[in-house]
Every structure is written in structure tokens, then in C-alpha cells.
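# Geometric and topological summary
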Amino acid sequence: MPSLCRDCLTPFETGPRCPACRSPRVLAHAELSSLSIAHMDCDAFYASVEKRDNPALRDVPVIVGGGQRGVVSTCCYLARIHGVRSAMPMFQALKLCPQAVVVKPRMQVYVQVSRAIRAMMEELTPAIEPLSLDEAFLDLTGTDRLHGAPPAVTLARLVRRMETELGLSGSIGLSHNKFLAKIASDLDKPRGFSVIGRAETADFLRPRPVRIIWGVGTATQGALEKAGIRSIADLLRWDRADLVARFGSMGERLWHLARGEDHRRVNRDEKLKSISKETTFFEDTSDPDILDGHLWRLAEQVADRAKAKALSGRTVTLKLKKGDFQLLSRRHALSDPTQLTDRIYRAAVEMFRLEAGRGPFRLIGVGIADLAPEEQADLSGDLLDPDAAKRAKAERATDAIRARFGHDAIVKGRSLR
Amino acid sequence: MKLSIERGTLLKALAQAQSVVERRNTIPILANVLIEAEGAQVSFRATDLDIEVVDRAAAMVERPGATTVSAVMLHEIVRKLPDGALVNLTEDATSGRLTITAGRSTFSLATLPREDFPVMASSEYSSNFSAKAPELRRLFDKAKFAISTEETRYYLNGVYMHTSTGESGPVLRCVATDGHRLARIDATLPEGAAGMPGVIVPRKTVNELRKLLDDDEATIAVSVSETKVRFATPAITLTSKVIDGTFPDYTRVIPQNNTRRLEVDATEFAKAVDRVATVSSERSRAVKLSLDEDRLVLSVNAPDSGAAEEELAVAYADERLEIGFNAKYLLEIASQVDRENAVFLFNSSGDPTLMREGNDTSAVYVVMPMRV
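My aim in this report is to walk through the structure given alongside it, one point at a time. (Residues numbered from 1 in each chain as written. Chains lettered and ligands numbered in written order. Predicted model: local features only at pLDDT ≥ 70, side-chain atom pairs only at ≥ 80, totals over all residues. Heavy atoms only, no water.)

### With respect to the overall build of chain A
We apply this condition: To qualify as a helix, a DSSP run of H or I must reach at least 4 residues; to qualify as a strand, a run of E must reach at least 2; elements of each kind are numbered from the N terminus. Residue exposure (1.4 Å probe, protein chains only): buried if accessible area is under 20% of the type maximum, exposed if over 50%, otherwise partly exposed. What makes two residues a contact is simply this: any of their non-hydrogen atoms within 4.5 Å. For the area figures, the Shrake-Rupley method with a 1.4 Å probe applies, and any residue is considered shielded solely by the protein chains shown.
For chain A, the count of helices and strands is 15 helices and 15 strands. By the burial criterion, 52% of the 417 residues in chain A qualify as buried. A fraction of 63% describes how many contacts in chain A between residues 6 or more apart in sequence connect residues 24 or more apart. Carbon and sulfur atoms make up 52% of the accessible area of chain A, which amounts to about 19,400 Å² in all.

### Side note on the overall build of chain B
Along the backbone of chain B there are six helices and 26 strands. Out of the 372 residues in chain B, the part that is buried amounts to 54%. A sequence separation of at least 24 residues applies to 67% of the contacts in chain B between residues at least 6 apart. Carbon together with sulfur atoms contributes 47% to the accessible area of chain B, which is approximately 16,800 Å² in total.

### Examining the packing of helix 11 (residues 240–247) of chain A against helix 12 (residues 249–258) of chain A
Residue and element names in this part refer to chain A. As a reminder of what qualifies: Angles shown run from 0 to 180 degrees and are taken between the N-to-C directions of axes, each axis being a line fitted to C-alpha atoms and, for helices, limited to the stretch in contact. Crossing handedness is defined as follows: a turn of the near helix away from the far one that is anticlockwise and smaller than a right angle gives a left-handed crossing, while the clockwise case is right-handed. Side-chain classes are defined by residue name, with Ala, Val, Leu, Ile, Met, Phe, Trp, Tyr, Cys and Pro counting as nonpolar, Asp, Glu, Lys and Arg as charged, and the others, Gly among them, as polar.
The N-to-C vectors of helix 11 and helix 12 enclose an angle of 145°; their axes lie 6 Å apart at closest approach. Classified by chirality, the crossing of helix 12 by helix 11 is right-handed. Residue-level contacts link R240, L243, V244 and F247 of helix 11 to S249, M250, G251, E252, W255 and H256 of helix 12. The residue makeup of the contact of helix 11 with helix 12, split by class, is five nonpolar, three polar and two charged.

### Describing the packing of helix 1 (residues 7–20) of chain B against helix 2 (residues 71–80) of chain B
Residue and element names in this part refer to chain B. What counts is decided by this rule: Angles are sorted into four bins: roughly parallel if under 35 degrees, roughly antiparallel if over 145, roughly perpendicular if 65 to 115, and oblique for all others.
It is at 9 Å that the axes of helix 1 and helix 2 come closest, and there the two elements cross at 150°. The pairing of helix 1 with helix 2 is recorded here as roughly antiparallel in orientation. Crossing angle aside, the handedness with which helix 1 passes helix 2 is left-handed. Taking contact as the criterion, the partners of R7, L10, L11, L14, A15 and Q18 in helix 1 are, on helix 2, A71, V72, L74, H75, V78 and R79. Of the residues assigned to the contact of helix 1 with helix 2, the class counts are eight nonpolar, two polar and two charged.

### So, the pattern of salt bridges
To keep it simple, the criterion reads: In the sections that follow, a salt bridge refers to a side-chain nitrogen of Lys or Arg positioned within 4 Å of a carboxyl oxygen of Asp or Glu.
For the coordinates displayed, the defined rule picks out 59 salt bridges over all chains. The closest approach of N and O atoms between R230 of chain A and E225 of chain A, which form a salt bridge, is 2.9 Å. Notably, a salt bridge pairs D292 of chain B with R320 of chain B, separated by 3.1 Å at the nearest N-O pair. Residue D292 of chain B is found in strand 19 (residues 286–292), and its partner R320 of chain B is found in the loop between strand 22 (315–316) and strand 23 (321–326); the two are separated by 28 residues along the sequence. Residue classification places R320 of chain B among the exposed positions, given a relative accessible area of 59%. Counted as one network, the salt bridges with shared partners bring together K142, D338, R339, E357 and D360 of chain B.

### A word on the sheet that holds strand 1 (residues 3–5) of chain A
All names here are of chain A. Selection rule: By this definition, two strands are paired if DSSP reports at least two bridges between them.
The strand order across the open sheet built from three strands is 2-1-3, with neighbouring strands paired in antiparallel fashion. A single partner strand is all that each edge strand has here, and the edge strands are strand 2 (11–12) and strand 3 (26–28). Where strand 1 meets strand 2, two bridges bridge the pair, whose relative direction is antiparallel. If you follow L4 over to strand 2, its bridge partner there is P11.

### What to know about the side chain of E50 of chain A
Residues and elements named next belong to chain A. The topology assignment puts E50 in helix 1 (residues 45–53). Using a relative accessible area of 5% as the deciding quantity, one classes E50 as buried. Beyond its immediate stretch of four places on either side in the chain, E50 contacts L57, V64, V103, K104, R106 and Y110.

### Focus on the interface of chain A and chain B
Applicable threshold: Buried area counts how much accessible surface, traced with a 1.4 Å probe, disappears from two parts once they are put together, with both parts' losses summed. Pairs of N or O atoms within 3.5 Å make up the polar contacts considered here, provided that, within protein, one atom can donate a hydrogen while the other can accept it, and that residues adjacent in sequence are counted only when both atoms are side-chain atoms.
Contact residues are listed per partner, giving 20 residues for chain A and 21 residues for chain B. In terms of surface lost to chain B, no three residues of chain A exceed L379, L383 and L384 of chain A, which account for 41% of the buried area on that side. At the surface where chain A touches chain B, the tally comes to one salt bridge. Summed over the shared surface of chain A and chain B, the number is six residue pairs in polar contact (both at pLDDT 80 or more).

### Examining the sheet that holds strand 12 (residues 169–177) of chain B
All names here are of chain B. An order of 14-11-12-13-26-25-24-18-22 is seen for the nine strands of this open sheet, with the pairing classed as antiparallel. Each edge of the sheet is formed by a strand with only one pairing partner; in this case those strands are strand 14 (199–202) and strand 22. With seven bridges joining them, strand 11 (residues 158–166) and strand 12 adopt antiparallel strand pairing. Looking at strand 12, one finds that Y160 is bridged to V175. Running over the sheet, helix 3 (residues 133–143) touches strand 11, strand 12, strand 13 (181–188), strand 14, strand 25 (353–357) and strand 26 (360–367) and is turned about 170° from strand 13. Here helix 4 (residues 203–210) sits on the sheet and contacts strand 11 and strand 14; the angle it forms with strand 14, its principal contact strand, is near 70°.

### Some details on the environment of V367 of chain B
All names here are of chain B. Mapped onto the secondary structure, V367 falls in strand 26. For the pair formed by V367 and G179, sequence separation is 188 residues and the distance between their alpha carbons is 8.8 Å. If near-sequence neighbours (up to four positions away) are discounted, V367 is found in contact with H180, R181, F325, Y329, I333, P352 and T353.

### A short note on the environment of F44 of chain B
All names here are of chain B. Note that F44 resides in strand 3 (residues 41–47). Overall, F44 belongs to the buried group, its relative accessible area being 0%. Note: C-alpha distance between F44 and A13 (31 residues apart in sequence) is 7.0 Å. Apart from residues lying up to four places away in sequence, F44 is in contact with L10, A13, L14, V33, L34, I35, V53, V54 and D55.

### Some words on the nonpolar core
Quick reminder of the rule: The definition of a nonpolar core used throughout is a set of buried Ala, Val, Leu, Ile, Met, Phe, Trp, Tyr and Cys residues joined through side-chain atoms within 4.5 Å.
Counting residues in each nonpolar core, the largest one holds 106 residues, and the members touching the most others are F140, M161, F231, F269, L289, L298 and F344 of chain B. Looking at this core element by element, the count peaks at seven residues for helix 5 (residues 266–277) of chain B. In contact with L298 of chain B, other than residues within four places in its own chain, are F269, A272, V273, V276, V287, K288, L289, A308, E309, E310 and L312 of chain B. Judged by nonpolar contacts, the second largest core, of 56 residues, contains V62, V109, I128 and I172 of chain A.

Shape is all these values report; function is a separate question.
The following block contains the structure:
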């Protein structure tokens, strides 16, 4: 079976260890040299950046997030061992893991690192589709001759380069379409490299729960459960027409995905109409602090995605689902487009304030729509909020200096502590 | 109710009423105008529950009474009648219709009972004063372009009318801002206005008010309470709720230490801005001002569509400065200048810029720059 050493990148035929460097990190798969759609996902991205920049944090559990928002943005794997998860309220996280060090997110730094990773990917293929600051799809089809190696080797090089040059690890999922590549990258985290080949696609999917399908959240899961569908195997028993009749266009998607079919292309110029993030709560809530924390976190995710895609939005949207499933959607047109977390969050909060009394809510979502290129974003400040102008200005000045003199030309004082 | 009225008089009275009526109504009676005939006068009352307008006109009242009919429809009918026609309005209580006849035309409109018509509760006004129409017109006309349309910052959706102290004593002041530009307009404080509560007059009210202010000779009776404001002429009374919110402290926003002074002919400036902005992208419309000694270069560089540049002779004696603005904002503030040169006071390319007419501080504008 074709194998590859993930440490020294030596390809070889078969064996438990690399014949060259004796490393046990061996990747072996029959279709290793023929698969070319990949998903790269950084491992605990924010937390890893923090650990990299402050070695004192290396061996302690690190939680990024908090401030007054009180929600975990990201946590390192040490914290995960204790049961800490992203989106968890901070007090709960600290109860599970009192020894954790809480670090405030430094978005400018993450954006900068994300751009560096992006630049490395740009050298491999033009077909990159960033999903957020720390993950992207790559289509390496037809790059074998260019890089003198099959995509699997090129990808292993990419993560190795990320580790040596940026001090950050990532996990790779390699398969024959985006749906499976995204699933694969999650199978073997951190520092993972998973392959789902054409031959085993059906066997791989069959026993999995339906929530493995991207876009199947709590609500869809509940609806499927009512129809007796829990696993992909259950889905496979359904007729295509019946699925469509019951679940509409979602049914059509499910039918294809259950068969491991996904014809979406990796497309950097995908014409996005909006960027949004939402979350469904375990328990309906009307607690303003919890909801405020989620608004911030969602706004941050939306801004991340916008920055990764070099886009901005002229409209901020707020989505709320009440306990009785009634859906409230609110839109707020900004005077000029934005990709800043701060502005998205503030607009969302203003809208939320008017609806806050209508809770408890089971879902909250934040998004931007009416998209514009980032060149048009945040060009002008707000007279009534001079601090916002200063914050935006500081961020841009930092970006500009780093663009010219390198990342370390200007750093925040606290990153030196 | 039965009355006759001259078409022109009726049209004028209805025009104001029908513009207050919202086009899309969930409450049917709000689409109607309440017609009340009494003595030698007929009044037309319309409301959207936030604004109420009552317009009075002389008429030959044969039989007093009151009813309500669709404001828009009645206005349309009267508009289409020939000039100089005598219009008869007759309410038929049994059929519940209002018959309108003029010459050989007859119309019959459905009515709703007058009892159902919501009449705005009267208010105790704590301040009453009168102001000349041109004074009020200047206050509101020069401020209203800066009113915000952002629904979330609802307290910016109007003109903040209040009393303050200007350079030469107490003033009646109107301020509007949308966070990108701000207008602060002062007028001599009318007698009786001192101690008036500051109120945010909603945008729609400002627009309706404008129609009362066309006559230079008119005197407007203004009444203000914490919750309502009323503007009245002998013929028209406009009552409006004010925006229930706190207007932000705008004084912090007005730059005090901008020293780089540019003086330019406002009309020439506006024309030049308009010309170069032609090639700017539809949405951002950014124009760059490059200032050097007595020289202003306006330029637009839109990678997708093209570039434009124009040079103007100006008075400027400070160090070189490059600063960008939204063309629309520049045009709007430049068009407020009507007598003297426009004077811009800059600080840096990132700070708010102040604009006024000559050295007149009774109307100042602040505009936020834009990165270019």
C-alpha cells in the first residue's frame, strides 16, 4: 500500500515505520496518490497562537475568550481533557478546569497568522476556499507535476512548514470531495492526517450519526430523529423522492451526502450572498449576559470569515428562534460596509436590545449580508463613537506596519510578558 | 353634513392631510381624513398616531356635521377636478357615503364613523413662543440633511431642537447627525422660548413642518412639552410626538482645535466635487482633497471605473494635507452655504472636519473623513 512518512516526507511501499527516519507517523492508503480535495484545519488555533507567543503557557491549559463576554472562544487540548469546549460559559469552564489560564483574544495577531498560512497555501494551488481564519478547502487536482509530488505529499509539506515556520499545527483531511475532506480533517486531531478514499466511502459513512453532515444542527437532527433517522444507514434506506417530500431541498442534499456525493467545487470566488453564524442552545435562555456573550462570539466568527474571504457587509443580520420555534429575523443597514467584529457586534446588540424581552430563545445567529469587497469596508469612523475610530485606526496602523516591516515590527506589550 | 368649497382651497387643505396619512395602513381609519364642518369653516384632520395635522379652510356650510373618508382618494379626486370648480360635499347618513359633486362629476365615497377617528390627546405645553417662518425654515432646512435613517439609533432620526448659548447670547438651536456628519444651526432665541425642554423632532414631522414655512411673512406659534411639539399657523396646526430618547452630547463631537483653514467658493467647490465624483464607485463615492499652498486638487481614483482630477484656486496657507471624504457628504454641506465662501477647518486626515460659512458660527457642520 502506498505510504508516506509525515515527518521526513519519504514515500515508501509498506511498513509500520518510515524506512528513512524510523518515524511511526506513517500515512498509508491505497488511494494516497489519487485523492486531491483537502480540508486543512488548524489545531486549537487561537490557543496555539497564544502558546507559541508565550512559552510560559505551553504546558498549562489555555482558554482564549472571556473578558466581560464570559464565553470560551477556543481552548487548547490540555483544557479539552478537562471537558472545556468552545462556546462554553467561562464560569463553567473554570469550574471544570480551575488551573486554566484565560487569555483575551488578540484578533489582529490571528488575522496576521491566518494570512501567513493563506500565503503558504497560495503557493500550492489557486483553488483555495477559506472557511474562517483557521480552516480552508484546497483543491490540488493536477498539481502533481508542478510540485513534483502527489497532493498527499504537498499537504504533508504544508503542515510541516506551518509547524517549522509559524509554530502552529494543523490537521488535514484528504478525500475526493469537500464533504468528506471536512469530515476527515476532524478524525485524527490534533496533528492529524486522515484519508477517506473512494473505495471505503460507503463503509465509512454508513454507521456514522447524521450530525456528521455539515449543516445538520440540533434542529435538523431533531426533525430527522422524528422520521426515525439517526445514522447515515437510516438515511440510505429512504427513497430520494420521499426525502425530498419530507425535508425539501435539504432532503435532496441528504440523499446525495449519505452516498458520499458532493459536487461542490473548491471555489475561492464563490459568490457569497451573506456570511452568518448561529448557535442552538442546549437549554432555552433569556439570560442577557449569556446571550451577549454569544453575540460577541458569533460576531467574531462572522468577522473572521469575512476577513478570511476579504469581504465585508453593508447589512448586519440578527436571527433569533424562540422556545416555540417562532423565528425572528432583524436586519440593520450600516452606512458603510464593515468587517470589524466591534461594529458587527454593536449593530447586533442594538437589534437584540429591542427583542430581548421576547425570550427565552433556543437559537441565536449573527450575520452580514449585502457583501462588498474589503477595500470598501470601514473607511469612515463614527462621530458619536470616537473610540471606535481609534480602535479601528490602531488595528489598521498595526496591519500596515506589519505588512511593510514584518510581523514582529510591532507587537502588543502584553505579548512580551 | 353638507358644504361647498372652492376646489383650489380644498386641494391645498387636503394636500397636507393626505401627506401625513401613511400609504400602508393596518388600521383602516388611519387612511381616512376627518372632515368637520361648523360655522363658516371646514377642517380636515389626519393622523398616523404620531403626527396629527388639522387644516382649516373657509367654506359655505349648509349643514354642520362630520365624517371620515379616504384621504388619498378624496385628494386625488379633487386634484383631477378642473381649476376654479365649486365642490359640494354631502354626507348621506343612511347610505353611509360621502357624495362629491363638481360640475357634471359625481363621486360617492365610503365613510367610517367619526367617533372611530383617533384624536391626539391634548398636552400641557410648558413653553409657547412664536417664530418667523424664515427663521424656523433656516433652522430645519440646514439641519435636516444630517438626520439619520438608522433605526437602531432611533434617537438620531430627528432634529434636536433645544436652547443653548451661542457666541452672541442665548439661541434656539437645531442639531442633527447620523454619525458621519453633523449640522448645528442657531437662531436668536425667540421670546418665551427660554427654559424650553429639548426635544427630538422626528424626520417626518420636519418634512411636514416644511410645508407651513413657505410663506416668508408667516409667524408660527410653537408649543413644546416633554413629549409633544406643536407648530401652528392660523390655518394649519401640526402636532407631533417627539422621539422618546436622549440625544447624544454633540458638543464633544464639534472640533475646537482644528487650525488648518481652507477657504473656497462653495459653488465652485460643489461643482468640482460633483464632476470628479462621476467616476467614483457607486457606493463609496470617495473623493480625495489634496491641499497645498493656495491650491486644492480634488481627485478620485476608482480602480474599476477610472480616475478624475480637478484643481481649484483656494486660500490655504498651512502645511500639505491629504484627506478623503464621501462626495455626497461634501456636496450636501457645501450646498448649505449660500452667501459667503465655505471655510473648512481641518486637523488631520483622520479627524472630523469642521465647515462653516465665512466666520459665521451660527451654522456649523462637522463631517467625518474617509480613508482614501
